[in-house]
Amino acid sequence: MKLNRSVTINKPVSKVWQVAAEDFANAYKWMSGVVHSYETPGNRQEGAPLAGRICNLENKKDPFHAVENIIRFDSERHILEFEVFPVKKSGPGIPVIKNHVTLSLKATEDGGTRVFWDCNLELKLMGKLLYPLLKLGLNKAFDGILNDLKVYMETGKVSVQKQKFDEKHGLVHTANV
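Keep in mind it's a predicted model, so treat the numbers as computed, not measured.

Draft legend 1. View of the environment of Asn-99. Structurally, the position occupied by Asn-99 is in strand β6 (residues 96-107). C-alpha of Asn-99 to C-alpha of Val-87: the two residues are twelve residues apart in sequence and 12 Å apart in space. Those residues within four positions of Asn-99 in sequence are excluded, and the remaining contacts are Phe-82, Glu-83, Val-84, Cys-119, Asn-120, Leu-121 and Phe-142.

Here's what the structure looks like:
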């Protein structure tokens, strides 16, 4: 399943790249649905500041999480490619095997940044059966991620969606963009 989303952020490419790519391990600071994220050990791709990250999606012991490995880090062209592998050890299964994401940034004429989120999801049989619903849900989720980034970059604060998520999970963050 291929999905393409985008958003314009009223900040320069260098600032957006710093948060989205250079500080890849700290997505929990601005991204809804992420309780905590941290750098994973391993071999780094050329130019990458880290090998990848783990995003915990629950606030409990042995949480549902995503292992995200960087496969391309091009700081000159502002392209970050990574693969996301969902890991859930209990409860209902996840219909996705992996998600290949390409995040690319382009400068706008007015000094802002156009952010492109292009992904190719490899689905399990259940995901193929639920394709129309899954596509709707994932488009909404990816739009939410881009909105979280936009709000964080433009205001220095987390989005309302992220704030509600954090309050529900007993998390408190302060922004330093």
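Once you've had a look at it, read on.
Draft legend 2. Structural view of the nonpolar core. Leu-80, Val-115, Trp-117, Leu-121, Phe-142 and Leu-149 are the most contacted members of the largest nonpolar core, which has 43 residues in total. Where this core is concerned, the elements lending two or more residues are β1 (2-9), α1 (13-22), β4 (65-74), β5 (79-87), β6, β7 (113-123) and α3 (131-155). Per-element tally for this core: the top contributor is α3, with eight residues. Filtering out sequence-adjacent residues up to four positions away, Leu-149 remains in contact with Ile-9, Val-16, Val-19, Ala-20 and Trp-30.

Draft legend 3. Highlighting helix α4 (residues 160-168). Burial in α4 covers these residues: Lys-162, Phe-165 and Asp-166. Take α4 and look down its axis: the buried residues cluster within an arc of 95 degrees, on one side only. The exposed set on the far side of α4, more than 90 degrees from its buried face, consists of Val-160, Lys-164, Glu-167 and Lys-168. Buried residues in α4 make contact with α3. A positive backbone phi angle near 70 degrees is found at Gly-170, which sits one or two residues after α4.

Draft legend 4. Molecular detail of the pairing of β6. As paired elements, β5 and β6 share six bridges and run antiparallel to each other. Across the sheet, the residue bridging to Leu-80 is Leu-103, located in β6. Here β6 pairs with β7 via eleven bridges, running antiparallel. When the sheet's bridge partners are listed, Asn-99 is paired in β7 with Leu-121.

Analysis parameters
Residues numbered from 1 in each chain as written. Predicted model: local features only at pLDDT ≥ 70, side-chain atom pairs only at ≥ 80, totals over all residues. Heavy atoms only, no water. Helix = DSSP H or I, 4+ residues; strand = E, 2+ residues; numbered from the N terminus. Contact = heavy atoms within 4.5 Å. Core = buried A, V, L, I, M, F, W, Y, C linked by side-chain atoms within 4.5 Å. Buried < 20%, exposed > 50% of the residue type's maximum accessible area, 1.4 Å probe, protein only. Arc of directions from axis to C-beta. Pairing = 2+ DSSP bridges.

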